[in-house]
Amino acid sequence: MVRVFTFASGKGGTGKTTMTINLGTSLAKFGKRTCIMDADIGMANLGLSIGLEDVPVTLHEVLAGKASIHDAVYEGPGGVQVVPSGISLQGFQQSDPERLRDVLKDLTERLDFLLIDAPAGISRDGVVPLAVADDVILVVNPELSAIVDAMKTKILAEVVGGHVRGAIINRATAESAGTVSQKMEKVLGARVIGLVPEDQNVKKAASAKVPVVIKYPTSGSSVAIRRIAAGLAGISYDKEVMEPKDSFIDRFTKVIFRGKR
Ligand code: ADP
Ligand code: MG
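What counts and what doesn't
- Residues numbered from 1 in each chain as written.
- Chains lettered and ligands numbered in written order.
- Predicted model: local features only at pLDDT ≥ 70, side-chain atom pairs only at ≥ 80, totals over all residues.
- Heavy atoms only, no water.
- Helix = DSSP H or I, 4+ residues; strand = E, 2+ residues; numbered from the N terminus.
- Expected span 1.5 Å × (residues − 1).
- Buried < 20%, exposed > 50% of the residue type's maximum accessible area, 1.4 Å probe, protein only.
- Near = heavy atom within 4 Å.
- Polar contact = N/O pair within 3.5 Å; in protein donor to acceptor, adjacent residues only side chain to side chain.
- Areas by Shrake-Rupley, 256 points an atom, 1.4 Å probe, with all protein chains shown as cover.
- 1 Å grid on protein atoms, 1.4 Å probe; cavity = no way out; pocket = protein on both sides within 12 Å on 5 of 7 lines; lining within 4 Å.
- Sits in = over half its atoms within 2 Å of the grid points.
- Nonpolar A, V, L, I, M, F, W, Y, C, P; charged D, E, K, R; others polar.
- Axes fitted to C-alpha atoms, helices over the stretch in contact; angles between N-to-C directions.
- Parallel < 35°, antiparallel > 145°, perpendicular 65-115°, else oblique.
- Left-handed = near helix turned anticlockwise from the far one by under 90°.
- Contact = heavy atoms within 4.5 Å.
- Salt bridge = Lys/Arg side-chain N within 4 Å of Asp/Glu carboxyl O.

**Student:** Mind showing me how you'd approach helix α1 (residues 16-29) here?
**Tutor:** An α-helical turn contains 3.6 residues, so a residue and the one three or four places further along point in the same direction. With 14 residues, α1 should reach 20 Å at 1.5 Å per residue; the first-to-last C-alpha distance of 20 Å fits that figure. In terms of burial, α1 is largely enclosed, as 12 of its 14 residues are buried. When α1 is considered as a whole, its buried residues turn out to be K16, T17, M19, T20, I21, N22, L23, G24, T25, S26, L27 and A28. Note on α1: the residue one or two positions beyond its end, G31, has a positive phi of about 90°.

**Student:** Just to check I follow, could you spell out helix α7 (residues 145-159) for this structure?
**Tutor:** Taking 1.5 Å of rise per residue, the 15 residues of α7 would be expected to cover 21 Å, and the 22 Å separating its terminal C-alpha atoms lies within 8% of that figure. For α7, the full list of buried residues reads A146, I147, D149, A150, T153, K154, L156 and A157. After α7 finishes, the residue G161 shows a positive phi value of roughly 90°.

**Student:** Explain the site of ligand 1 here, please?
**Tutor:** Residues in contact with ligand 1 amount to 13 residues; listed here are only the nearest, G13, G15, K16, T17 and T18. Separating an oxygen atom of ligand 1 from a backbone N or O atom of G15 is a distance of 2.9 Å. Contact distances for ligand 1 include 3.0 Å between a nitrogen atom and a backbone N or O atom of D199. When isolated, ligand 1 has an accessible area of 560 Å², and the protein chains bury 84% of it. In this structure the site holding ligand 1 corresponds to the largest pocket. At the level of secondary structure, the elements contributing two or more residues to the shell around ligand 1 comprise α1, β7 (164-172) and α9 (200-207). Among the residues making up the shell around ligand 1, the classes are represented as 2 nonpolar, 6 polar and 5 charged.

**Student:** Explain the packing of α7 against helix α8 (residues 177-188) to me, please; I cannot follow it from the model alone.
**Tutor:** For any two helices packed against each other, the geometry comes down to the angle between their axes and how far apart the axes lie. For the pair α7 and α8, interaxial distance at closest approach is 10 Å and the crossing angle is 40°. Classified by the angle between their axes, α7 and α8 sit oblique to one another. Considering the relative orientation of α7 and α8, their crossing is right-handed. Here α7 contributes A146, I147, A150, M151 and K154 to the contact with α8, which in turn contributes V180, K183, M184, V187 and L188. Residue classes in the contact of α7 with α8 are distributed as 8 nonpolar, no polar and 2 charged.

**Student:** Quick question: what am I supposed to make of the pattern of salt bridges here?
**Tutor:** Oppositely charged side chains can form a pair if their charged atoms are brought close together. The tally for this structure, following the rule as stated, stands at 8 salt bridges. The closest approach of N and O atoms between R33 and D112, which form a salt bridge, is 2.9 Å. Taken as a pair, R33 in the loop between α1 and β2 (34-38) and D112 in the loop between α5 (97-108) and β5 (113-117) lie far apart in primary sequence, 79 residues in all. The closest approach of N and O atoms between K105 and D102, which form a salt bridge, is 3.5 Å.

Structural measurements only, silent on function.
Right, here's the structure in full:
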């Protein structure tokens, strides 16, 4: 049975695309049949980030009824399957959201995981990915405004029948991560499923168009992302995932997961 995760946020630029690509690549490298899909039609930068920008068929053509989803699946890093999006908006905006549901049915038959990169904010394009997911994962940065941001996205997800599994705090720093994690859990009632540190290697890897988990596998962000991927897959990260040195992320993660595993 496939499990569908949608990565969402109220604000843009929190790291949804980065998380989708790197968690997807990690799951594929764990041997899980995994596909990542770019439903962020406005930005459409998932394919761009991994060198799949010049492909002939994208999700756009599929949602416009001009192509089969099977023609829009490409081989990505680490063996992850990739459905990139096109640049033109029109076809997607005119499409019936139900079409995405049918498309997913065809796509997910032989998958363990489908990770959907959703657009930021509240829009018609963003609603469908929230509704079709088994679990919505909020991607937030460690600012207090992120709580409000996450709250709006959580409410929207629940209104359309989605279920919020929790939040990833991305670009965490030692100063901010603890406070934001606690507030997120207390105020929002959303579990923090992981922290990913601010890490320059993320940007370096992105300019090389390679996921950071492949380009810099021992970097702090890669270790944190693999740990989250292991959690999503129900794999014990102690065995499968390289352990970090005693970083602040490690200490926070231990606090967060205490009693929950
Ligand atoms: P979104 O898809 O939510 O708009 P992106 O994944 O495109 O966000 O990330 C926005 C920017 O932040 C990109 O330049 C990305 O390389 C950078 N970024 C994301 N996560 C991190 C991180 N943990 N450390 C440093 N830079 C990051
Ligand atoms: Mg994005």
